[in-house]
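Overview (structure and organization)
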Amino acid sequence: MSTPSEFRVITRHAGTVLVGQVAVMAFGLADTVVAGRYADSALAALSVGSAVFISVFVALLGVMQALLPVWAELHGSGRQAQVGVSVRQSLYLCAVTIVTGLLILLNPGPVLEWTRVPEALRPEVEAYLGVLALALPPALLFRMFSTLNQSLGKPRLVTWLQIGSLFVKVPLSIWFTFGGFGLPAGGVVGCAWATLVVNYLMFGTALWLLRTQVLYRPYQLWRRMERPDWPALGQFARMGVPGGLAIMVEVTSFTLMALFIARMGTTASAAHQIAANMAGLLYMVPLSLGIAASARVSFWLGAGDATHARLALATGLRLTMGIAVVLAAAMFLLRAPLASLYSGNPAVVAMASGLLAWAALYHVADAMQAICVFLLRCYRVTIAPLVVYCVLLWGLGLAGGYVLAYGGAGIEPWRGDAATFWISSAVALWITGLAFLALLRRASVQRHN
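Quantities reported herein were computed from a predicted structural model and do not represent experimental measurements.

The rules behind each value
Residues numbered from 1 in each chain as written. Predicted model: local features only at pLDDT ≥ 70, side-chain atom pairs only at ≥ 80, totals over all residues. Heavy atoms only, no water. Helix = DSSP H or I, 4+ residues; strand = E, 2+ residues; numbered from the N terminus. 1 Å grid on protein atoms, 1.4 Å probe; cavity = no way out; pocket = protein on both sides within 12 Å on 5 of 7 lines; lining within 4 Å. Points joined across faces, edges and corners; volume = space filled by probe spheres on them. Nonpolar A, V, L, I, M, F, W, Y, C, P; charged D, E, K, R; others polar. Patch = residues over 30% accessible without salt bridge, like charges linked within 9 Å, V, L, I, M, F, W, Y side chains within 5 Å. Areas by Shrake-Rupley, 256 points an atom, 1.4 Å probe, with all protein chains shown as cover. Salt bridge = Lys/Arg side-chain N within 4 Å of Asp/Glu carboxyl O. Buried < 20%, exposed > 50% of the residue type's maximum accessible area, 1.4 Å probe, protein only. Polar contact = N/O pair within 3.5 Å; in protein donor to acceptor, adjacent residues only side chain to side chain. Axes fitted to C-alpha atoms, helices over the stretch in contact; angles between N-to-C directions. Parallel < 35°, antiparallel > 145°, perpendicular 65-115°, else oblique. Contact = heavy atoms within 4.5 Å.

1. Considerations on unusual backbone geometry
For Gln-220, which is not glycine, the phi dihedral falls at a positive 50 degrees. Along the chain, Gln-220 turns up in the loop between α8 (188-212) and α9 (230-261).

Below, the structure written as structure tokens:
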């Protein structure tokens, strides 16, 4: 197989995943625009509430998504029935993640208190998170379905579901937020109810597809549930727990900025939400490439073909970094028009434009570390990324930004604005990305020699 062929496989897979991921990201984009048009206070509450939910959801999702290399290797080695056994065993792990997420989302008070979210925002944030707690189980189960399809190199069904759901989500968010046709205006909580409805529709459709599509028959998914296989679950935990914790640190280093910035006022919080939304949207590109490249690398490792595993790894890295530079440049050049799409408040637009300039620098480093962490999982490297994330993203990025913004440890505030957090986080991400490149090089050499 030639290099162009491997390039086409990864780009086709990543492109399909990207379309679906952008559709899902558009859920948040739609909510941000709807809440911003409803009221600045609603946008601020959404910023805080979504930061908490995303921190919880993505960490739990990371536990399950870490199983992608396991299923891709089984697929690559031709053990289809074993894929079904592994998926059924993973349901035990999924049940634990669901219970954990419910406990946190239904009791957000300690988190809101610790981050000193203004009292005026808390009732609406807690109501928003209470509804999203009900939406969590179908969301995690659907992501299991998504991870299975990605590991098999067949993401198209998931993408079609995500696109279709967007056409349900947008009108529901508008209706539930602003009210109408006998329904009272729900404000930002209306966005959460729309998410709940869409999540259950997606999960129900996924179950129907698993039951009826010929694609899944070789994997014998619908056999009777086996008793817990503790060695297999132990392997899942060794991969999933560090992977989930690493993603939790990565995401919370980003989302906790929203909670710390919230005390700077509604304008700062709303501007940060705009920059965060754009950064999150662009992150879908390296995320999609990471999923596609890691599935491909794991497939070849399962097939025992080291040459094509290295080829897939190199292709994924080059694609990700090249596209990241282009997207970052576009965001920098179009920062003012982009900010004006979200808000009609001149103060919010001006502040958001400044933040988007730093977000462009942030994105290139974010893309570098994202593709590397996906590829490291193919080689079962999960502990080292977690340590790097804790030290650099939580330490240098988040804590460093807090000290520079608010002072502490004998240091006077440097700028005292939202940009402080973006600058410190960008620096931390660049160091993280370079560290991950070194880890990936070492892991690849050890595996293939």
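So much for the structure itself; the text now carries on.
2. Side note on empty space enclosed by the protein
Evaluated as defined, the whole model comprises four cavities of 30 Å³ or more. The space that makes up the second largest cavity amounts to roughly 60 Å³. Lining the second largest cavity are Glu-250, Ser-253, Phe-254, Tyr-362, Asp-366, Leu-393, Gly-397, Ser-425, Ala-428 and Leu-429. Those elements that provide at least two residues to the lining of the second largest cavity are α9, α13 (346-378), α14 (383-406) and α15 (418-448). For the lining of the second largest cavity, the per-class residue count stands at five nonpolar, three polar and two charged.

3. Notes on a nonpolar patch on the surface
On the surface, Tyr-38, Ile-174 and Phe-178 cluster together into a nonpolar patch covering about 270 Å² of accessible area. Checked against the element boundaries, Phe-178 lands in helix α7 (residues 156-178). Classification of Phe-178 by relative accessible area gives partly exposed; the value is 40%.

4. Quick look at the environment of Arg-223
Its location among the elements puts Arg-223 in the loop between α8 and α9. Given the relative accessible area of 53%, Arg-223 is considered exposed. A polar side-chain atom of Arg-223 sits 2.6 Å from a polar atom in the side chain of Gln-220.

5. Points about the packing of helix α2 (residues 40-65) against helix α4 (residues 80-105)
Interaxial distance between α2 and α4 falls to 10 Å at its minimum, and their mutual angle equals 170 degrees. With respect to each other, α2 and α4 are oriented roughly antiparallel. Contact with α2, carried on its side by Phe-53, Val-56, Leu-60, Val-63 and Met-64, involves Ser-90, Leu-93, Cys-94, Thr-97, Thr-100, Gly-101, Ile-104 and Leu-105 of α4 and no other residues of that element. Taken together, the residues of the contact of α2 with α4 sort by class into nine nonpolar, four polar and no charged.

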